[in-house]
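So you can see what is in the structure, the chains are spelled out below.
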Amino acid sequence: MPESGTRAGIIGMGSYVPERVLTNRELEAMVNTTDQWIVERSGIRERRIAAPGQATSDLALEAARKALEDAGIGPEEVDLIIVATNTPDSLLPAVACIVQDNLGTPRAGAFDLLAGCTGFIYSLSVAAQFVRVGMYRHVLVVGAETLSRILDWEDRNTCVLFGDGAGAAVVGPVPEGYGLIHTKLGSDGSGGPLLYIPAGGSRIPPSRETVEGRLHFVRMNGREVFRFAVRACGDGSLEALEEAGLSVDDVDFLVPHQANIRIIEAAARRLNLSMDRVLVNVDRYGNTSTASIPMALEEAVNQERIRDGDNIVMAGFGAGLTWAVAIMRWYNYRKKSG
Ligand code: UT7
């Protein structure tokens, strides 16, 4: 067990995307849209779609296995599993419990965290508290989604934007001077109706009418969410930096939630960062919600773009409405352990 006051950081990462690629051209045959509209308005060129029978926990498991291997720890060393998702296998049980069973982590607690697309940063923040107070040593955090299952494939406003995928991180002790420096979590519940699924919960339980009314699919006011997102990513990051006693000059990389390249570029401008300092994968995977930030981060770590001691700002927003920023000084666990 680590001591109270321990620094918490990422010490292992993994990701997984389904094999099936759905291109904009294919979408042209499904709804009234064009490749040009999708690329110009969102920056998305293609996305992945889970195979029939492949559920969120299956994607989460693949990413989790890689993250444990990357961290060099076995399943018996995992103390807690947090899965951030908006698309659980079913309403009950939690995806984290299914992952716990399939991963074979005998002594891990497990729960899901629902905070829209911001779920990964929220979970990272929660995980870090357990490590900091000395209660747990290794917390597995997974962002995993099969959004293709809750999309209305007749609604061009939403179906072109999202994709399936999973990203995982092991949060554990890191040396002094590294790890999570600051997290800022925000919400504005009055914006709930801007991005929601009308039926299937306790307010409107499932019925023949709800299915016929297509009420189990995502509905979104894209324009309003866009406004909120630009504010949350830009101003939110500036506020978090100030609270952490850092300035925009201290930022080495921005890892924004991957919803739309225009939102990402607006956030980069606000932080005065050139785009080579911003991690982007929205072109290849679309919006994978809770998986987008860990997937983008893992890719950059694999490419050795991120160096030891780099200051990373993760900024997310999503249904709720929620938003969050995490500032982390990167600990190059791969180099140190190799
Ligand atoms: O993780 C958080 C989840 N969501 C988001 O982050 C989404 C944030 N919002 C966005 O990314 C953008 O608002 C969108 C990409 C959804 C839309 O871009 P926009 O520049 O805000 O477009 P708009 O809402 O102003 O719509 C422009 C037009 C509309 O037509 P009218 O009403 O002006 O005639 C839409 O009906 O584009 C139409 N449209 C489409 N046209 C072709 C909407 N979807 C499509 C489509 N293909 N797929």
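Residues numbered from 1 in each chain as written. Predicted model: local features only at pLDDT ≥ 70, side-chain atom pairs only at ≥ 80, totals over all residues. Heavy atoms only, no water.

A. Highlighting the sheet that holds strand β4 (residues 80-84). Strand order in the open sheet formed by five strands is β1-β7-β6-β4-β5, and the pairing between neighbours is mixed. Unpaired on one side and paired on the other, β1 (7-16) and β5 (109-113) mark the two borders of the sheet. Sheet twist, expressed as the mean angle between neighbouring strand axes with direction ignored, is 20°. Of the strand pairs in this sheet, β4 and strand β6 (residues 139-145) are connected by five bridges, and their pairing is parallel. (Pairing = 2+ DSSP bridges. Helix = DSSP H or I, 4+ residues; strand = E, 2+ residues; numbered from the N terminus. Axes fitted to C-alpha atoms, helices over the stretch in contact; angles between N-to-C directions.)

B. Summary view of the site of the ligand. By nearness alone, 21 residues border the ligand, and Thr-33, Arg-223, His-257, Asn-260 and Asn-287 come closest of all. A distance of 2.7 Å is found between an oxygen atom of the ligand and a side-chain nitrogen or oxygen belonging to Asn-260. Across the complex, the protein chains shield 77% of the 960 Å² of accessible surface that the ligand would expose by itself. In this structure the site holding the ligand corresponds to the second largest pocket. No other element matches the four residues that helix α8 (residues 222-243) contributes to the shell around the ligand. Its residues assigned to classes, the shell around the ligand comprises ten nonpolar, seven polar and four charged. Formed jointly, the shell around the ligand draws a minimum of three residues from each of two domains, domain 1 (8-177) and domain 2 (180-336). (Near = heavy atom within 4 Å. Polar contact = N/O pair within 3.5 Å; in protein donor to acceptor, adjacent residues only side chain to side chain. Areas by Shrake-Rupley, 256 points an atom, 1.4 Å probe, with all protein chains shown as cover. 1 Å grid on protein atoms, 1.4 Å probe; cavity = no way out; pocket = protein on both sides within 12 Å on 5 of 7 lines; lining within 4 Å. Sits in = over half its atoms within 2 Å of the grid points. Nonpolar A, V, L, I, M, F, W, Y, C, P; charged D, E, K, R; others polar. Domains from an automatic or database assignment.)

C. Broad picture of unusual backbone geometry. Following Leu-92, the chain continues into Pro-93 via a peptide bond in cis, with omega recorded as -5°. With respect to the helices and strands, the residue Pro-93 is situated in the loop between β4 and α4 (95-103). Here the amide bond leading from Gly-320 into Leu-321 is cis, since omega sits at -10°, within 30 degrees of zero. With respect to the helices, strands and loops of the structure, Leu-321 is situated in the loop between β12 (311-318) and β13 (322-329). Phi angles above zero are rare outside glycine, and Arg-214 is one such case at about 55°. For Arg-214, the location among the structural elements is in the loop between α7 (208-212) and β10 (219-220). For Asn-272, which is not glycine, the phi torsion reads 60° and is therefore positive. Position of Asn-272 among the secondary structure elements: in the loop between α9 (261-270) and α10 (282-285). With relative accessibility at 65%, the residue Asn-272 sits in the exposed group. (Buried < 20%, exposed > 50% of the residue type's maximum accessible area, 1.4 Å probe, protein only.)

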